[in-house]
Amino acid sequence: MTPVDVDRLKAQTYFRTNPLRYLVHLKYMHLYRDIISCTVLEHQHQTAVLLRYPANRVKRDAARYPQADQVLMPVAANDDLTRRLLDHIALNLERDHAHIIKFCEPSTEAMFQQHLPLEPVRHVMSYTTIPEARYELAPNVSIETQPRASCIAFYVENDYSHAEMTNYFANDALAFTIYDYDDPISTCIAFRFFEDVWEIGGVHTREAMRHKGYARQVVQTALSYVLQQGKTPRYQVESINIPSIRLAESLGMRPGAVFQHYLLPPVSRRTTP
């Protein structure tokens with residue numbers, strides 16, 4: 001086993017100590033193995049990990065952060081290891097390039113903020129259910145293995161691509177939809193995010209039919225289905241999407257992870273030391 005393989009194994013072992021918090025890290029290590037680099041630092045049986053990859057090689061990052069050269073995902077078990085990560089980054093980053101840094105740990109984020117001129121660009125919350133949660137299937141929600149084109153159009157409005165839809169539904173995704181005859185009123189999808197975690201996303205209700213409880217019914221039904229299959233649901237929402245946050249919390253879901261993205265501008269753009 002090469003040193004690179006050893007570091008990858010150590011990182012994956014660490015991430016699996018809290019798989020919901022580090023779910024994105026695990027998925028990216030699986031999906032982008034050929035482009036993602038992994039640095040592991042250890043001290044007194046504690047671990048820090050830095051994942052790093054070119055922003056233009058991951059479609060969503062390329063679209064969302066065209067100004068960035070690389071994306072960094074640092075995690076650390078304590079402040080001492082966080083400082084070591086900062087030292088490593090200072091030695092290895094291209095100072096004339098912009099970078100995106102993604103955090104899922106408040107303590108790591110806070111220390112990076114103290115030492116780097118970070119600019120917040122995105123705040124994402126990932127919800128899941130509590131262990132004892134139970135949900136009923138709403139009787140007027142249709143469950144489909146292949147959604148109609150009108151539903152696909154709703155998902156595309158929510159920033160999913162046609163290619164993603166094709167891939168999800170070729171791999172057992174389901175659509176949960178309330179129809180008015182053949183026209184969708186409200187819909188969402190459930191698809192495998194990684195291993196036994198299924199994401200509930202694409203929630204969309206026709207504008208004229210909002211605030212009537214339809215989104216709650218389709219998400220509630222999706223949650224019921226995912227839990228009945230013995231899977232773990234994940235519901236991700238932007239922090240500015242207050243209606244979606246209220247929906248998640250009204251269904252008794254709780255944040256499983258919080259992700260904050262920052263831009264680290266190139267030296268030429270920095271206004272602080």
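The structure this text deals with has already been given above.
Right, let's walk through the structure included here. Note that the structure is a prediction, hence the values are computed from the model and not measured.

The subject of this paragraph is the pairing of strand S11 (residues 254–264). Summarising the sheet, strand S4 (residues 99–103) and S11 pair through five bridges and their orientation is antiparallel. Across the sheet, residue histidine 99 finds its bridge partner in S11, namely leucine 264. Sheet analysis places strand S5 (residues 119–128) next to S11, joined by nine bridges and oriented antiparallel. Each bridged residue has a counterpart across the sheet, and for glutamate 119 the counterpart in S11 is leucine 263.

On to the packing of helix H1 (residues 3–15) against helix H2 (residues 23–31). Between H1 and H2, the shortest axis-to-axis distance is 9 Å and the interhelical angle comes to 150°. It follows that H1 is roughly antiparallel to H2 by the angle criterion. For the element pair H1 and H2, the recorded crossing hand is left-handed. Contacts between H1 and H2 pair Arg8, Ala11, Gln12 and Phe15 from the former with His25, Leu26 and Met29 from the latter. When the residues that make up the contact of H1 with H2 are grouped by side-chain class, the tally is four nonpolar, two polar and one charged.

With that settled, consider the pairing of strand S3 (residues 70–76). When you tally the buried positions in S3, you get seven out of seven residues, the bulk of the element. Where strand S2 (residues 46–54) lies against S3, seven bridges are found, and the strand directions are antiparallel. Bridge pairing in S3 links valine 49 to valine 75. Across three bridges, S3 lies against S4 in parallel orientation. Residue pairing in the sheet places valine 71 in a bridge with isoleucine 100 of S4.

Ordered in space as S1-S2-S3-S4-S11-S5-S10-S9-S8-S7-S6, the eleven strands form an open sheet in which the pairing is mixed. Both edges of this open sheet fall to strand S1 (37–43) and strand S6 (142–144), since each of them pairs with a single strand only. Taken over all neighbouring pairs, the strand axes of this sheet differ in orientation by 25° on average, direction set aside. Inspection of the sheet shows strand S7 (residues 174–180) paired to strand S8 (residues 183–194) by seven bridges, in the antiparallel sense. Residue isoleucine 178 lies in a different strand from S8, and its bridge partner there is serine 186. Across the sheet, H1 lies against S1, S2 and S3, angled at about 70° from S1, the strand it touches most. Running over the sheet, helix H7 (residues 162–170) touches S6, S7 and S8 and is turned about 70° from S8.

On to helix H8 (residues 214–228), then. The terminal C-alpha atoms of H8 lie 21 Å apart, and with 15 residues this matches the ideal 21 Å at 1.5 Å per residue to within 8%. Tyr214, Ala215, Val218, Val219, Gln220, Thr221, Ala222, Leu223, Ser224 and Val226 are the residues of H8 that are buried. If you follow the buried residues of H8, they end up packed against S6, S7, S8, strand S9 (197–205), strand S10 (232–238) and helix H9 (242–250). In the segment just after H8, glycine 230 is the residue with positive phi, at about 80°.

This next bit is on the nonpolar core. In terms of nonpolar packing, the biggest core is built from 33 residues, with Phe15, Val49, Leu51 and Tyr53 touching the most fellow members. Sorting elements by how many residues they give to this core places H2 first, with five residues. Counting residues in each nonpolar core, the second largest holds 29 residues, with Met209, Ala222, Leu223 and Tyr235 among its members.

To continue, consider the packing of helix H4 (residues 79–92) against helix H5 (residues 106–115). H5 packs onto H4 with a crossing angle of 45° between their chain directions and a minimal axis gap of 10 Å. By the angle class used here, H4 and H5 are oblique. The way H4 lies across H5 gives a crossing that is right-handed. Between H4, through Asp79, Thr82, Arg83, Leu85, Leu86 and Ile89, and H5, the contact on the second element is made entirely by Thr108, Met111, Phe112 and His115. For the contact of H4 with H5, a count of residues per class yields five nonpolar, three polar and two charged.

Along the chain, glutamate 105 turns up in the loop between S4 and H5. Of the side chains with opposite charge, arginine 21 lies nearest to the buried glutamate 105, which makes no salt bridge, at 4.2 Å. A polar contact of 2.4 Å, which involves the side chain of glutamate 105, links it to the side chain of tyrosine 22.

Conventions used here
- Residues numbered from 1 in each chain as written.
- Predicted model: local features only at pLDDT ≥ 70, side-chain atom pairs only at ≥ 80, totals over all residues.
- Heavy atoms only, no water.
- Pairing = 2+ DSSP bridges.
- Helix = DSSP H or I, 4+ residues; strand = E, 2+ residues; numbered from the N terminus.
- Axes fitted to C-alpha atoms, helices over the stretch in contact; angles between N-to-C directions.
- Parallel < 35°, antiparallel > 145°, perpendicular 65-115°, else oblique.
- Left-handed = near helix turned anticlockwise from the far one by under 90°.
- Contact = heavy atoms within 4.5 Å.
- Nonpolar A, V, L, I, M, F, W, Y, C, P; charged D, E, K, R; others polar.
- Buried < 20%, exposed > 50% of the residue type's maximum accessible area, 1.4 Å probe, protein only.
- Expected span 1.5 Å × (residues − 1).
- Core = buried A, V, L, I, M, F, W, Y, C linked by side-chain atoms within 4.5 Å.
- Lys, Arg positive; Asp, Glu negative; His and termini not counted.
- Salt bridge = Lys/Arg side-chain N within 4 Å of Asp/Glu carboxyl O.
- Polar contact = N/O pair within 3.5 Å; in protein donor to acceptor, adjacent residues only side chain to side chain.

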